[in-house]
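Observations on the model geometry
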Amino acid sequence: MANNGTALAENKLQSKKLTGHKLTWNTIVKQKQLIFMSVPMLIYILIFSYVPIWGWLMAFQNYKPAKGFFEQKWVGLQNFKYLFKDENFIRDFRNTICMSFINLILSYVTAIILALLLNEIKNVFFKRTVQTVSYLPHFLSWVIVTGIVATSLSTEGGIVNILFMKLGIIDSPINWLSEGKYFWGIVGATNVWKELGWNTIIYLGAITAIDPALYEAAGLDGAGRFRKMWHVTLPGIKATFVVLLIMSIGHVMEAGFEIQYLLGKGPVLDWSETIDIYVIKYGINQFNYSLATAAGIFKSVIAIIMLFIANNVAKRLGEERLI
């Protein structure tokens, strides 16, 4: 295990050397081909990601499509004040945050566990079969997935109710999609089923990069499979995990749209509606573009704040960081 510590220390030292490398004119000249190739992508990002930001000014106007942009009435922070007093928006903000964190926790835990288990399978045919079966749901559209979920949870022949009744967990069929307390769990479980296999790809790639000598050294020290997972595999993918976690926290305000929009009807509306649905329902459908823009700005600002907090926490803990 001493070899493990030495190797990890060397990796960290090499990482610090790379991150501490200063950009000089000679470096720019040597890499001019790479810089030239990146120019089209930078222009694409500038045009489609940064130029549209000027539209955020609509959040500070009472925007009417019939008038020119500079003929609009400026209302300052009125739309933001309305948002923070609107009970529907507060409810949708709660739903968005809760479903995002449920998805985040479930997706990371299950993906890492499956990647660890797949790494231990020695039968290549069986391993490839499991990987293929777990990848396939990723390629289904959310419209198909929500249809499968609605059918599986049906009170009339739904496989979930039949299975739970056979196991004695419930006495009679439950209408899962009519009770709000089940909705967040249904969304989390559906996301796991659809994306589990796909989420393991990066972790399996990170595991293959671990030096096999570390496993041999651990074996000589008497470590079994589970101790190798704990002391070699998990530390080996920790940097990948931290970077992916920071990126995911940056998307914490994106709890999803399709599944909530397609399954969140009637009695579960108080638990299913997210900020994205709020933007469409109260902003676009009612032609209140200024309110929709204000909600979008709020969502973006919270995401940026969460991203910097997560990045700073990773920095203070001495882990890999994104920025």
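Figured I'd write up the structure that's included with this text. (Residues numbered from 1 in each chain as written. Predicted model: local features only at pLDDT ≥ 70, side-chain atom pairs only at ≥ 80, totals over all residues. Heavy atoms only, no water.)

This paragraph deals with the overall build of the protein. Looking only at helices and strands, the protein features 16 helices and two strands. Considered along the principal axes of its C-alpha atoms, the protein spans approximately 75 × 70 × 35 Å. When burial is assessed residue by residue, the protein has 34% of its 323 residues classed as buried. Partitioning the contacts of the protein with sequence separation of at least 6, the portion at a separation of at least 24 is 67%. For the protein, the exposed area adds up to about 20,200 Å²; of that, 67% sits on carbon and sulfur atoms. (Helix = DSSP H or I, 4+ residues; strand = E, 2+ residues; numbered from the N terminus. Buried < 20%, exposed > 50% of the residue type's maximum accessible area, 1.4 Å probe, protein only. Contact = heavy atoms within 4.5 Å. Areas by Shrake-Rupley, 256 points an atom, 1.4 Å probe, with all protein chains shown as cover.)

Glancing now at the pattern of salt bridges. Under the criterion given, the structure shown has eight salt bridges. With a closest N to O distance of 2.7 Å, R91 and E273 form a salt bridge. You can see R91 sitting in helix α5 (residues 87-120) and its partner E273 sitting in the loop between α14 (269-272) and α15 (275-284), a full 182 residues away along the chain. Across the pair, E273 and R91 agree in class, each one buried. Where salt bridges share partners, they join R91, D92, D270, E273 and K281 into one cluster. (Salt bridge = Lys/Arg side-chain N within 4 Å of Asp/Glu carboxyl O.)

Relative to the elements of secondary structure, L269 occurs in helix α14. Measuring from C-alpha to C-alpha, the distance between L269 and G180 comes to 7.6 Å, with 89 residues separating the pair along the chain. Beyond its immediate stretch of four places on either side in the chain, L269 contacts R91, G264 and K281.

This part covers the packing of aromatic side chains. Overall, the coordinates contain 15 aromatic pairs when judged by the stated rule. Residues F139 and W198 carry aromatic rings whose centres are separated by 5.5 Å and whose planes lie at 85° to one another, so their mutual orientation is edge-to-face. Here F139, found in the loop between α6 (124-135) and α7 (142-152), pairs with W198, found in helix α9 (residues 180-208); they are 59 residues apart in sequence, far enough to count as distant. A residue is classified by how much of its surface remains accessible, and W198, at 36% relative accessible area, is partly exposed. (Phe/Tyr/Trp six-rings, centres within 6.5 Å; stacked < 30°, edge-to-face > 60°.)

Looking now at the packing of α5 against helix α11 (residues 225-236). Where α5 meets α11, the closest approach of the two axes is 12 Å, and the angle between their N-to-C directions is 120°. Judged by the angle between their axes, α5 and α11 are oblique. Every pair of crossing elements has a handedness; the one defined by α5 and α11 is right-handed. Of α11, the residues touching α5 (which contributes I112, L116, N119 and E120) are R225, M229, T233 and L234. Tallied by class, the residues present in the contact of α5 with α11 amount to four nonpolar, two polar and two charged. (Axes fitted to C-alpha atoms, helices over the stretch in contact; angles between N-to-C directions. Parallel < 35°, antiparallel > 145°, perpendicular 65-115°, else oblique. Left-handed = near helix turned anticlockwise from the far one by under 90°. Nonpolar A, V, L, I, M, F, W, Y, C, P; charged D, E, K, R; others polar.)

With that out of the way, let us pick up the nonpolar core. Counting 27 residues, the largest nonpolar core has Y203, V232 and I237 as its most contacted members. If one sorts the elements of this core by residue count, α5 sits on top with eight residues. (Core = buried A, V, L, I, M, F, W, Y, C linked by side-chain atoms within 4.5 Å.)

Turning our attention to α9. With 29 residues, α9 extends 42 Å between its outermost C-alpha atoms, agreeing within 8% with the 42 Å of an ideal straight helix rising 1.5 Å per residue. The sharpest bend along α9 measures roughly 55° and falls at E195. (Expected span 1.5 Å × (residues − 1). Bend = angle between axes of the 7 residues up to and from the residue.)

A few words on unusual backbone geometry. Comment: phi is negative for the bulk of residues other than glycine, and the bulk of peptide bonds are trans. Although it is not a glycine, F287 adopts a positive phi angle of roughly 60°. The topology assignment puts F287 in the loop between α15 and α16 (289-316).

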